[in-house]
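# Analysis of the macromolecular model
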Amino acid sequence: MTDKSKQATWGGRFQDSPDDLMLAFGESVSFDQRLAPYDLQGSLGHASMLLAVGIIEQEEFVEIERGLKELAEEVKSGTFQWKTELEDVHMNLEQALRAKTAAADKLHTGRSRNDQVATDVRLFFKDACSQLKQGIERAMTALLSLAKKNATIPIPGYTHLQRAQPVTVGHHLLAYVEMLGRDHERFSSVANHANVCPLGSGAIAGSTLPLDRALVAKALGFVDESGEPRLTPNGMDAVADRDLFVEFASACSLCSLHLSRLAEDIILWNSSEFGYLTLPDAFTTGSSLMPQKKNPDCFELIRGKTGRVIGNLTNLMVTIKGLPLTYNRDLQEDKPPVFDSFEQLGICLAVTAGALDGAQIHEENCLSAASDPLLLATDLADYLVELGVPFRQAHHVVGSLVARSEELNLPLPELSDEDARSICPVIGNDWREVFDLSRAFARREKPGMPGPQQVAGRIKFWEGILQS
Ligand code: ARG
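This write-up is about the structure you can find in this document. Note that the structure is a prediction, hence the values are computed from the model and not measured.

As a further point, take the packing of aromatic side chains. Any pair of aromatic rings gets described here by the distance separating the centres and the angle formed by the planes. Enumeration over the complete set of coordinates arrives at 15 aromatic pairs. Between Tyr38 and Phe124, the aromatic rings sit 6.0 Å apart at their centres with planes inclined by 80°, giving edge-to-face as the arrangement. With a gap of 86 residues between them, Tyr38 in helix α3 (residues 36-52) and Phe124 in helix α6 (residues 113-149) connect regions that are remote in the sequence. The ring centre of Phe339 lies 4.9 Å from the NZ or CZ of Arg34, which sits over that ring.

Structure follows, in structure tokens:
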């Protein structure tokens, strides 16, 4: 017999050991071993509660505590021997504890792997959200510093990827800072939802033993702002719901989407056609054939990995859809997608920050692209509105002026006053002033607009948040 005869924490009612194929198929330890620190933490909290309610003795608790701490060290240093035949992280750790102390046999009292794994992942999500929030802050800081350095440099804003109206580099980059700011909030909200203790739910229907749910919740830090324990209010919900997985994967997807759109903008800006920006050598790669190439692979990969992160969200929702209450083994498949989204988003945030830190904006190219007078055609319509022309008519008039300038093959501001007035008699002698970019920006000093003071104000706002 191989080791598999030993696997059976649940083997009492079985005559035969599982087939090797079933072991290989059913194991999750290859991926859920990353829950080990949380599983050990959860077990320690549970043991302290068992002690408090008199289910284990002080000596047994001390042995369990010592054993769990040793295991935590072994896991951390990589010396722990994971065994596939023991199925999952929970049974690996329980069996290893058993090898250290007979008291381990009492640890699983009043607990099921169902509420155990639900607890582990809640601890994981709290940690993962806090790590991703730090990653977001780092990316926001890089965006903000690039925005600040180039705050007032004009560039065309685009709709339909056609030049639309002038904005500034600062305003454009701050759009992404705002998006990442909301992503940051979303991870706080996921962490808050994770902050509820499922222990005591058992497999499905709790336990007949005198468990103290509040005590274990407090021991594990599942508390509100005033230190009151937060407990899941329905045990069936607690072991079967996977809302958190979906919320976490969804927050990861939205954040990845934002990074992906930023990536696309940067790839365009970095192209010879735009020439607004150059990426640092350290985050670009060359071609094996074409010696001149310097490719923005870092941002292409961010764009590519976003597909994978969104796929993880879809994967989870399809897995959960249609499952009857409560636990079904399908739910073991819930972990790889969230671990993957966590890792991929984490590295995407770090790469975004690193690449932006070394990015250079090319002021002349930006300015020359933003100096196309047609970008201010809307400002000319506004000018006419201020002279009393209804906007729809003003829009039409400017359209005719553009058509006339094209007919004469002249830039719009070079149309003569006579030509202009033949189309709209109220046009004054000052109509060309609208083509001054500084005027265009100075007139856009309302909240949310690209006026320099607005942009500076938002930079200050975010600097304050990120430094606090
Ligand atoms: N490895 C399992 C999972 O993550 C643990 C829960 C097992 N529960 C059970 N009733 N078989 O889903």
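This paragraph deals with the site of the ligand. Every residue lining the ligand is accounted for by Ser28, Asp32, Asp88, His90, Arg113, Asn114, Val117, Tyr327, Gln332 and Lys335. One of the side-chain nitrogen or oxygen atoms of Ser28 is found 3.4 Å away from a nitrogen atom of the ligand. Contact distances for the ligand include 2.9 Å between a nitrogen atom and a side-chain N or O atom of Asn114. Relative to its unbound accessible surface of 340 Å², the ligand loses 86% to contact with the protein. When residues of the shell around the ligand are assigned to their parent elements, the largest contribution, 3 residues, is made by α6. Along the lines of polarity and charge, the residues of the shell around the ligand split into 2 nonpolar, 4 polar and 4 charged.

As a further point, take the nonpolar core. If you look at the biggest cluster of nonpolar residues, it comprises 99 residues, and the most contacted ones within it are Phe125, Phe187, Phe248, Trp269 and Phe299. Counting residues per element, this core draws most heavily on α6, at 16 residues. Excluding residues within four positions of it along the chain, Trp269 makes contact with Ile155, His172, Leu173, Phe274, Gly275, Tyr276, Leu277 and Ile361. Tyr383, Leu412, Phe435 and Leu437 belong to the second largest nonpolar core, which has 24 residues in total.

This part covers helix α18 (residues 452-467). The end-to-end C-alpha separation of α18 is 22 Å, in line with the 22 Å expected for 16 residues at 1.5 Å each. Those residues of α18 not exposed but buried are Val455, Ile459 and Trp462. Projection of α18 onto a plane perpendicular to its axis shows the buried side chains occupying an angular sector of 70°, all on one side. When the buried face of α18 is taken as reference, the exposed residues oriented beyond 90 degrees from it are Gln453 and Lys460. Of the surrounding secondary structure, the elements contacted by the buried residues of α18 are α6, β2 (162-168) and α7 (169-194).

Contact pair α6 / α18: the axes reach a minimum separation of 11 Å and the direction vectors enclose 150°. Relative to α18, the element α6 lies roughly antiparallel. For the element pair α6 and α18, the recorded crossing hand is left-handed. Between α6, through Glu137, Met140, Thr141, Leu144, Ala147 and Lys148, and α18, the contact on the second element is made entirely by Ile459, Trp462, Glu463 and Leu466. Classifying every residue of the contact of α6 with α18 gives 6 nonpolar, 1 polar and 3 charged.

Moving on to the pattern of salt bridges. One pass over the full model with this rule turns up 26 salt bridges. Notably, a salt bridge pairs Arg113 with Asp88, separated by 2.7 Å at the nearest N-O pair. One end of the pair, Arg113, is in helix α6; the other, Asp88, is in the loop between α4 (58-77) and α5 (89-100), with 25 residues separating them in the sequence. Exposure remark for Arg113: the relative accessible area of 25% places this residue in the partly exposed category. Relative accessible area serves as the criterion here: at 4%, Asp88 is assigned to the buried category. Here the salt bridges do not stand alone but share partners, grouping Arg66, Glu70, Glu74 and Lys100 into one network.

Moving on: the pairing of β2. In terms of strand pairing, strand β1 (residues 154-159) meets β2 through 6 bridges, oriented antiparallel. Each residue of the ladder has a partner; that of Pro156, found in β2, is Pro166.

A few words now on the state of the cysteines. Covalently bonding the sulfur atom of one cysteine to the sulfur atom of another cysteine gives a disulfide. Under the definition given, this model contains 0 disulfides. In this structure Cys366 is a free cysteine whose sulfur lies 18 Å from that of Cys298, the closest cysteine sulfur available.

Calculation rules
- Residues numbered from 1 in each chain as written.
- Predicted model: local features only at pLDDT ≥ 70, side-chain atom pairs only at ≥ 80, totals over all residues.
- Heavy atoms only, no water.
- Phe/Tyr/Trp six-rings, centres within 6.5 Å; stacked < 30°, edge-to-face > 60°.
- Helix = DSSP H or I, 4+ residues; strand = E, 2+ residues; numbered from the N terminus.
- Lys NZ or Arg CZ within 6 Å of the ring centre and 35° of its normal.
- Near = heavy atom within 4 Å.
- Polar contact = N/O pair within 3.5 Å; in protein donor to acceptor, adjacent residues only side chain to side chain.
- Areas by Shrake-Rupley, 256 points an atom, 1.4 Å probe, with all protein chains shown as cover.
- Nonpolar A, V, L, I, M, F, W, Y, C, P; charged D, E, K, R; others polar.
- Core = buried A, V, L, I, M, F, W, Y, C linked by side-chain atoms within 4.5 Å.
- Buried < 20%, exposed > 50% of the residue type's maximum accessible area, 1.4 Å probe, protein only.
- Contact = heavy atoms within 4.5 Å.
- Expected span 1.5 Å × (residues − 1).
- Arc of directions from axis to C-beta.
- Axes fitted to C-alpha atoms, helices over the stretch in contact; angles between N-to-C directions.
- Parallel < 35°, antiparallel > 145°, perpendicular 65-115°, else oblique.
- Left-handed = near helix turned anticlockwise from the far one by under 90°.
- Salt bridge = Lys/Arg side-chain N within 4 Å of Asp/Glu carboxyl O.
- Pairing = 2+ DSSP bridges.
- Disulfide = S-S within 2.5 Å.

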